[in-house]
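What the coordinates show
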Amino acid sequence: MHRSSSAPRRVPMFGVADRRARYTEREAAYAVILDADRRAAVVHGRTGLFLPGGGIEVDESPEEALLRESLEECGRPLEIIAAIGRAIQYCHGEKGPFRAQHRFFEARFQGPATQQGEYQSSWVHIDEAYRWFRYESHVWAVRKLLARSKP
């Protein structure tokens with residue numbers, strides 16, 4: 001059977017889903033920001049490394065959420081360049097299990113910090129940081145952008 005190029009693509013899934021668990025649905029948007037050395041900007045959370053970004057609030061687009069979250073977490077404004085893709089991540093947080101719809105965007109910081117961020121941020125090479133990322137979907141998004149933008 002020939003598969004049409006307009007056929008929907010499967011959304012990659014990460015984490016382990018427990019069929020007995022009741023998952024809360026959450027939507028989030030994250031930025032993949034690469035520097036000249038092809039390192040990714042990361043936020044140091046209590047449970048590991050994360051890409052800048054976070055939860056999408058009611059009446060907020062993924063892009064609006066990402067711009068807001070970057071200011072809150074890193075203290076830096078963003079410019080969104082392009083969509084990278086989306087993935088589903090099964091998670092187990094303090095409030096129980098949740099199924100996260102992660103949307104990823106290529107972005108760049110717009111100038112220096114304009115305020116104090118909530119978290120420490122830094123630049124890391126994916127080969128060094130992949131084991132410290134909290135979510136596998138974040139590693140997938142960084143690698144997807146790196147593959148797209150090979151020098």
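Overview of the structure. None of the values given here were measured: they were computed from a predicted structure.

**Concerning the overall build of the protein**
From N to C terminus, the protein includes 3 helices and 8 strands. For the protein, the α and β elements follow one another from N to C terminus as β-β-β-β-β-α-β-β-β-α-α. Taking 15 Å as the expected radius of gyration for a compact globule of 151 residues, we find that the protein reaches 16 Å, a close match to that expectation. Each principal axis of the C-alpha atoms in the protein carries an extent, and together these give about 50 × 40 × 35 Å. By the burial criterion, 39% of the 151 residues in the protein qualify as buried. Taking contacts inside the protein between residues at least 6 apart in sequence as the whole, the part at least 24 apart equals 70%. Accessible area of the protein: about 9500 Å², with a carbon and sulfur share of 48%. Charge-centre separation for the protein: the mean point of 23 positive side chains lies 9 Å from the mean point of 20 negative side chains.

**Thoughts on the pattern of salt bridges**
All chains considered together, the criterion is met by 10 salt bridges. The partner of Glu69 in a salt bridge is Arg68, with the nearest N and O atoms 3.1 Å apart. Owing to a relative accessible area of 11%, Glu69 belongs among the buried residues under this scheme. With a relative accessible area of 18%, Arg68 lands in the buried category. A salt bridge links Glu72 to Arg68; the nearest nitrogen and oxygen atoms lie 3.3 Å apart. Taken together, the residues Glu72 and Arg68, both in helix H1 (residues 62–74) and 4 residues apart, mark about one turn of the helix. When salt bridges with common partners are traced through the structure, they connect Glu57, Glu60, Arg68, Glu69 and Glu72 into a single cluster.

**Some points on the sheet that holds strand E4 (residues 48–50)**
The strands making up a sheet are joined through hydrogen bonds of the backbone, oriented either antiparallel or parallel. On the basis of which strands lie adjacent, the open sheet formed by 3 strands has the order E4-E3-E8 and antiparallel pairing. Each end of this open sheet is capped by a strand with a single partner; those strands are E4 and strand E8 (120–124). When strand polarity is set aside, the average angle formed by the axes of neighbouring strands in this sheet is 40°. As paired strands, strand E3 (residues 40–45) and E4 are joined by 3 bridges and run antiparallel to one another. Each bridged residue has a counterpart across the sheet, and for His44 the counterpart in E4 is Leu49.

**Things to note about the sheet that holds strand E1 (residues 13–14)**
With mixed pairing, the 5 strands of this open sheet are ordered in space as E1-E6-E7-E2-E5. Here the strands that pair on one side only, and so sit at the sheet edges, are E1 and strand E5 (53–55). The pairing of strand E2 (residues 24–32) with E5 spans 3 bridges and is classified as antiparallel. Its bridge partner lying in E5, Ala28 is registered against Gly55. On top of the sheet, H1 reaches E2, E5, strand E6 (78–93) and strand E7 (96–109); it is set at about 115° to E5, its chief contact. Helix H3 (residues 136–148) rests against E1, E2, E6 and E7 of the sheet, and its axis sits at about 150° to E6.

**Comments concerning the side chain of Ser70**
Tracing the chain through its elements places Ser70 in helix H1. Leave out the neighbours within four places in its chain, and Ser70 touches Gly75, Arg76, Leu78 and Phe109.

Cut-off values and rules
Residues numbered from 1 in each chain as written. Predicted model: local features only at pLDDT ≥ 70, side-chain atom pairs only at ≥ 80, totals over all residues. Heavy atoms only, no water. Helix = DSSP H or I, 4+ residues; strand = E, 2+ residues; numbered from the N terminus. Rg over C-alpha atoms; globule rule 2.2 N^0.38 Å. Buried < 20%, exposed > 50% of the residue type's maximum accessible area, 1.4 Å probe, protein only. Contact = heavy atoms within 4.5 Å. Areas by Shrake-Rupley, 256 points an atom, 1.4 Å probe, with all protein chains shown as cover. Lys, Arg positive; Asp, Glu negative; His and termini not counted. Charge placed at Lys NZ, Arg CZ, Asp CG, Glu CD. Salt bridge = Lys/Arg side-chain N within 4 Å of Asp/Glu carboxyl O. Pairing = 2+ DSSP bridges. Axes fitted to C-alpha atoms, helices over the stretch in contact; angles between N-to-C directions.

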